[in-house]
Amino acid sequence: MFLAMRRSISSAIVVLGLVCVTAAFSQPQAPAPTSIARAEQEAEALIAERIDEERARLAPNAPKLLPNGELATIARARSQAMAEGSPFSHQDAQGNYPAIDMVKARLGPYGSIGENIMMEKRGIRGFDPKAFAKTAVDGWMESEEHRENILSPDYDRSGIGVAVKGDFAYATQVFRGSPKTSIRGQTQP
């Protein structure tokens, strides 16, 4: 009797252990923060590559967009703000343009400034940087205003920021162009 009870308890422990292990593997696991950060950075790099390709193909006379750390910091801040609940818009709740304000504050008031934003609801699937980059650039290229920013010869620098939170992913690209110089040598806004 004792031996039979011991086998039943052992069998119950094995079955319970398998149920726990199976449950642990079947539950969707949230990606670790470092893996999300890496995926966001990968998406940023892939978006930059695709933008460079589109620009070279459709606006070959436009200068190459050089990556700019300050613009990338602004783009990441914009994407993160939208991920945290700021309006998905070029304007904030007060009607200001945060990207333009940040660029002017950090890089000066002169020169061209542009911003492209996008949002994707991911649902239950995981974040795929390649698919996200393709969706972002394809969407921007299908929008007249966003395509104009991408192809504009007025821009020579750019920064890209991606933020993933919950079921949503956001991308922002901030553009900057050098101030133009008039015939008299004065800087024009």
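Structure: above.
This one's a predicted model, so the numbers in the text were calculated from it and none came from an experiment.

Peer 1: Teacher, can you tell me more about the side chain of E120 here?
Peer 2: Mapping E120 onto the fold places it in strand β2 (residues 112-121). With near-sequence residues (within four places) excluded, E120 lies in contact with R125, F132, T135, D167, F168 and A169.

Peer 1: Can you walk me through helix α5 (residues 129-142) in this structure?
Peer 2: Because each turn of an α-helix spans 3.6 residues, side chains separated by three or four positions end up pointing in the same direction. Compared with the 20 Å implied by 1.5 Å per residue over 14 residues, the 20 Å span of α5 between its first and last C-alpha is a close match. Put simply, D128 is the residue that caps the front of α5, since its side-chain oxygen is 3.1 Å from the backbone nitrogen of K130.

Peer 1: Teacher, can you tell me more about helix α3 (residues 69-83) here?
Peer 2: Relative to the 21 Å expected for 15 residues at 1.5 Å per residue, α3 spans 21 Å between its end C-alpha atoms, a close match to the ideal helical length. For α3, the complete set of buried residues consists of L71, A72, I74, A75, R78, S79, M82 and A83. Those residues of α3 hidden inside the fold are in contact with α4 (98-107), β2, β3 (157-165) and β4 (168-177). Of the residues that open α3, the one with a side-chain oxygen 3.0 Å from the backbone nitrogen of E70 is N68. One or two positions beyond α3, positive phi appears at G85, with a value near 120 degrees.

Peer 1: Sorry, what's going on with the nonpolar core here?
Peer 2: In globular proteins that are soluble, nonpolar side chains generally tend to be buried together. The biggest cluster of nonpolar side chains holds 26 residues, and the ones touching the most others in it are I47, F127, F132 and V162. The residues touching V162, leaving out its near neighbours within four places in the chain, are E40, A43, E44, I47, S79, F127, F132, Y170 and A171. Residues L71, I74, A75 and V103 belong to the second largest nonpolar core, which totals seven residues.

Peer 1: What exactly am I supposed to notice about the pattern of salt bridges here?
Peer 2: Think of it this way: side chains of opposite charge can pair up when their charged atoms draw near. Evaluated as defined, the whole model comprises 10 salt bridges. With a shortest N-O distance of 2.9 Å, D52 and K64 are connected by a salt bridge. Of the two residues, D52 is situated in helix α2 (residues 33-58) and K64 in the loop between α2 and β1 (66-67); the sequence distance between them amounts to 12 residues. For K64, a relative accessible area of 54% translates into the label exposed. We note a salt bridge from R157 to D156, for which the minimum N-O separation is 3.0 Å. Three or more residues are tied together by salt bridges with common partners; here these are R50, K134 and D138.

Peer 1: Is there a simple way to think about the packing of aromatic side chains in this case?
Peer 2: What characterises a pair of aromatic rings is the spacing of the ring centres plus the angle enclosed by the ring planes. The final tally for this structure, using the stated rule, is four aromatic pairs. Ring geometry for F127 versus F132: centroids 5.2 Å apart, planes at 55 degrees, classification tilted. As far as burial versus exposure is concerned, F127 and F132 are alike and both buried.

Peer 1: When you look at the sheet that holds β1 in this model, what are you seeing that I'm missing?
Peer 2: Remark on secondary structure: sheet strands pair via backbone hydrogen bonds, oriented parallel or antiparallel. With respect to topology, four strands assemble into an open sheet ordered β1-β3-β4-β2, the strand pairing being mixed. Looking along the sheet, the strands with just one partner apiece sit at the ends: β1 and β2. Here β3 pairs with β4 via nine bridges, running antiparallel. Paired with R157 across the two strands is R176, which belongs to β4. Sheet strands touched by α3: β1, β2, β3 and β4. Its angle to β3, the strand with the most contacts, is close to 30 degrees. Its contacts with the sheet place helix α6 (residues 144-151) against β2 and β4, and it is angled at close to 130 degrees to β2.

Cut-offs and rules
Each chain carries its own residue numbering, running from 1 in the direction its sequence is written. pLDDT decides what is reported in this predicted model: residues at 70 or higher carry local features, side-chain atom pairs at 80 or more are listed and counted, and totals for whole chains, interfaces and linings draw on all residues regardless. Side-chain numbers come from the whole structure's heavy atoms, not from hydrogens or water. For the purposes of this entry, the term helix denotes a DSSP run of H or I that reaches at least four residues, the term strand denotes a run of E that reaches at least two, and both are numbered from the N terminus. Contacts between residues were defined by any pair of non-hydrogen atoms, one from each residue, lying within 4.5 Å. Helices are assigned an expected span. That span is 1.5 Å times one less than the residue count. Under the rule applied, a polar contact is a pair of N or O atoms within 3.5 Å (in protein, one hydrogen donor and one hydrogen acceptor; residues adjacent in sequence only if both atoms are side-chain atoms). Relative accessibility under 20% of the residue-type maximum defines a buried residue, over 50% an exposed one, and the middle range a partly exposed one, all with a 1.4 Å probe and only protein chains included. Residues grouped as a nonpolar core are buried Ala, Val, Leu, Ile, Met, Phe, Trp, Tyr and Cys residues, joined through side-chain atoms within 4.5 Å. Just to be clear on terms, a salt bridge is a Lys or Arg side-chain nitrogen sitting within 4 Å of an Asp or Glu carboxyl oxygen. Pairing of aromatic side chains requires ring centres within 6.5 Å, counting the rings of Phe and Tyr and the six-membered ring of Trp. Pairs whose planes differ by under 30 degrees are stacked, by over 60 edge-to-face, and all others tilted. Following DSSP output, two strands are said to pair if at least two bridges run between them. Note on geometry: axes are C-alpha line fits, over the in-contact stretch for helices, and angles between N-to-C directions span 0 to 180 degrees.

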